[in-house]
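Here is how the chains run, residue by residue.
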Amino acid sequence: MGRIRSGLRSLLRRKDPDPSRDAVTRIPVHLAVIMDGNGRWAKQRSLPRKAGHRAGAENLRRLVDACARAGVRYLTVFAFSTENWNRSADEVASLMDLFVEFFERFDPELADAGVRVRFCGDLDALPQRILEVIRTSERTSRGRNGMQLVVAFNYGSRRELAHAAREIARDVAEGRLRPDEVDEGTLSGHLYLPDVPDPDLLIRPSGEYRLSNFLLWQAAYSELWFSDVLWPDFSERDLQEAFASYSKRNRRFGGAES
Ligand code: FPP
């Protein structure tokens, strides 16, 4: 009888296909996403690149909704880099038009979900009509207390760090700060959005394995997750997969294993 019971127990143990099945999924407080692969998505369908960006923007709507429901507090997305000006004038213009359209059409949904919208990047260098959309979105969403959607637009990490260094140098030159007082906190405090915590998880789809000048300082201890799926096809299921992987990571921030 004892042998039958122990045989049954080991059979039951073997039947469990995934030992992490019951693991609790941890949701990152701050998720950062490089929305890459729009151009290849369009090419696969013999469509112009701007059709890929439009599909990417539609997917951003789905991602915002999925993240807000999952309990993510900050979602930062890379929408336009300081290097993207090097693309054709037609593509740049279509990305600017899409930006305006996105916030005009999507704001009621963002309002329903209580999402506050913020922007980071070299914003003053953007065309006036883009700046107006930015200021309006920031102003109208300021009182919302749900997830914060941070849109990195005309963003480059090196430019952000150079900007921070310039501001610190000014503080020193004007006597508000001594050089020996400058530390990591001083630099963090001069980033575009100093109150936003560092990302816990950074996702890059489309089979590329680099940061491409995105959040270089802030991502020092972020967990990274890569996927071959092109951004317009990146689904809620892919997001859950990333969260499941993140849940199993042992984050030590440079400390020893406990
Ligand atoms: C990179 O894909 C993506 C971009 C340069 C733009 C990302 C923009 C969106 C998803 C549009 C939505 C955002 C807003 C707020 C308007 P890629 O074109 O470099 O793709 P590829 O590597 O396949 O060519």
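The coordinates are above.
Residues numbered from 1 in each chain as written. Predicted model: local features only at pLDDT ≥ 70, side-chain atom pairs only at ≥ 80, totals over all residues. Heavy atoms only, no water.

When you look at the overall build of the chain in this model, what are you seeing that I'm missing?
What the chain contains, in helices and strands, is 8 helices and 6 strands. Element order for the chain, N to C, with α for helix and β for strand: α-β-α-α-β-α-β-α-β-α-α-β-β-α. Each principal axis of the C-alpha distribution contributes one length, and for the chain these read about 85 × 55 × 35 Å. Counting the 258 residues in the chain, one finds 45% classified as buried. Here the analysis covers contacts within the chain between residues at least 6 apart in sequence; of these, 76% occur between residues at least 24 apart. Surface summary for the chain: the accessible area is close to 14300 Å², and the carbon and sulfur share equals 50%. (Helix = DSSP H or I, 4+ residues; strand = E, 2+ residues; numbered from the N terminus. Buried < 20%, exposed > 50% of the residue type's maximum accessible area, 1.4 Å probe, protein only. Contact = heavy atoms within 4.5 Å. Areas by Shrake-Rupley, 256 points an atom, 1.4 Å probe, with all protein chains shown as cover.)

How should the site of the ligand be read in this particular structure?
Close to the ligand lie 16 residues, the nearest being Met35, Gly39, Arg40, Arg49 and Arg87. Between the ligand and the protein, one listed contact pairs an oxygen atom with a backbone N or O atom of asparagine 38 at 3.2 Å. Here the ligand has 630 Å² of accessible area as a free molecule, and 91% of this is covered by the chains. With respect to the pocket detection grid, the ligand is positioned in the largest pocket. Secondary-structure elements contributing two or more residues to the shell around the ligand are helix H2 (38–44), helix H3 (49–70) and helix H4 (89–112). Looking at the shell around the ligand, the element that brings in the most residues is H3, giving 4 residues. In terms of residue class, the shell around the ligand is built from 6 nonpolar, 6 polar and 4 charged. (Near = heavy atom within 4 Å. Polar contact = N/O pair within 3.5 Å; in protein donor to acceptor, adjacent residues only side chain to side chain. 1 Å grid on protein atoms, 1.4 Å probe; cavity = no way out; pocket = protein on both sides within 12 Å on 5 of 7 lines; lining within 4 Å. Sits in = over half its atoms within 2 Å of the grid points. Nonpolar A, V, L, I, M, F, W, Y, C, P; charged D, E, K, R; others polar.)

Is there a simple way to think about the packing of aromatic side chains in this case?
Within a pair of aromatic rings, the relevant descriptors are the distance that separates the centres and the angle that separates the planes. All chains considered together, the criterion is met by 16 aromatic pairs. Between phenylalanine 78 and tyrosine 155, the ring centres sit 5.8 Å apart and the planes meet at 80 degrees, which makes this aromatic pair edge-to-face. Of this pair, phenylalanine 78 sits in strand E2 (residues 74–81) while tyrosine 155 sits in strand E4 (residues 148–155), and the two are 77 residues apart along the sequence. Judged by relative accessible area, which is 0%, tyrosine 155 ranks as buried. Taking 5.8 Å as the distance between ring centres and 50 degrees as the angle between the ring planes, the aromatic pair formed by tyrosine 221 and phenylalanine 253 counts as tilted. Taken together, the residues tyrosine 221 in the loop between strand E5 (201–204) and strand E6 (223–226) and phenylalanine 253 in the segment after helix H8 (236–248) connect sequence positions 32 residues apart. With relative accessibility at 47%, the residue tyrosine 221 sits in the partly exposed group. Judged by relative accessible area, phenylalanine 253 falls into the exposed class, the value being 51%. An aromatic cluster is present here, built from Phe80, Trp85, Phe99, Phe102, Phe103, Phe106, Phe119 and Phe153 joined pairwise through their rings. (Phe/Tyr/Trp six-rings, centres within 6.5 Å; stacked < 30°, edge-to-face > 60°.)

Could you clarify how one ought to interpret the pattern of salt bridges in this entry?
Once their charged atoms are close, side chains differing in charge can pair, the charge on each being opposite to the other. Taken as a whole and assessed by the stated rule, the structure comprises 28 salt bridges. Ionic pairing is found between arginine 61 and glutamate 109, a salt bridge with its closest N-O pair at 2.1 Å. Of this pair, arginine 61 sits in helix H3 while glutamate 109 sits in helix H4, and the two are 48 residues apart along the sequence. (Salt bridge = Lys/Arg side-chain N within 4 Å of Asp/Glu carboxyl O.)

Quick question: what am I supposed to make of the pairing of strand E3 (residues 116–120) here?
Within E3, 4 of the 5 residues are buried, which leaves the element mostly enclosed by the surrounding structure. Following the backbone out of E3, through helix H5 (residues 128–141) and into the adjacent parallel E4, one traces a crossover that is left-handed. (Right-handed = clockwise from strand over helix to strand, strands pointing away.)

Any chance you could explain the pairing of E4 here in plain terms?
Regular strands have side chains that alternate between both faces of the sheet. The buried fraction of E4 is high, at 8 of 8 residues. Note that E3 and E4 share 5 bridges and pair parallel. Residue pairing across strands places arginine 116 opposite glutamine 148, the latter belonging to E4. (Pairing = 2+ DSSP bridges.)

Can you help me understand H3 in this one?
Since the α-helix packs 3.6 residues into each turn, any two residues three or four apart lie on the same face. When the terminal C-alpha atoms of H3 are compared, their 31 Å separation across 22 residues agrees well with the 32 Å that a helix rising 1.5 Å per residue should span. Considered for burial, the residues of H3 that qualify are Gly52, His53, Ala55, Gly56, Ala57, Asn59, Leu60, Arg61, Leu63, Val64, Ala66 and Cys67. If you follow the buried residues of H3, they end up packed against strand E1 (30–34), H2, E2, H4, E4 and H8. Looking one or two residues past H3, glycine 71 carries a phi angle of roughly 100 degrees, positive in sign. (Expected span 1.5 Å × (residues − 1).)

Explanation requested: the environment of tyrosine 209 in the structure shown.
With respect to the secondary-structure elements, tyrosine 209 resides in the loop between E5 and E6. Residue classification places tyrosine 209 among the exposed positions, given a relative accessible area of 56%. Here the alpha-carbon distance between tyrosine 209 and aspartate 171, two residues 38 residues apart in the chain, equals 37 Å. Every residue in contact with tyrosine 209, bar those within four places of it in the chain, is listed here: Phe226 and Asp228.

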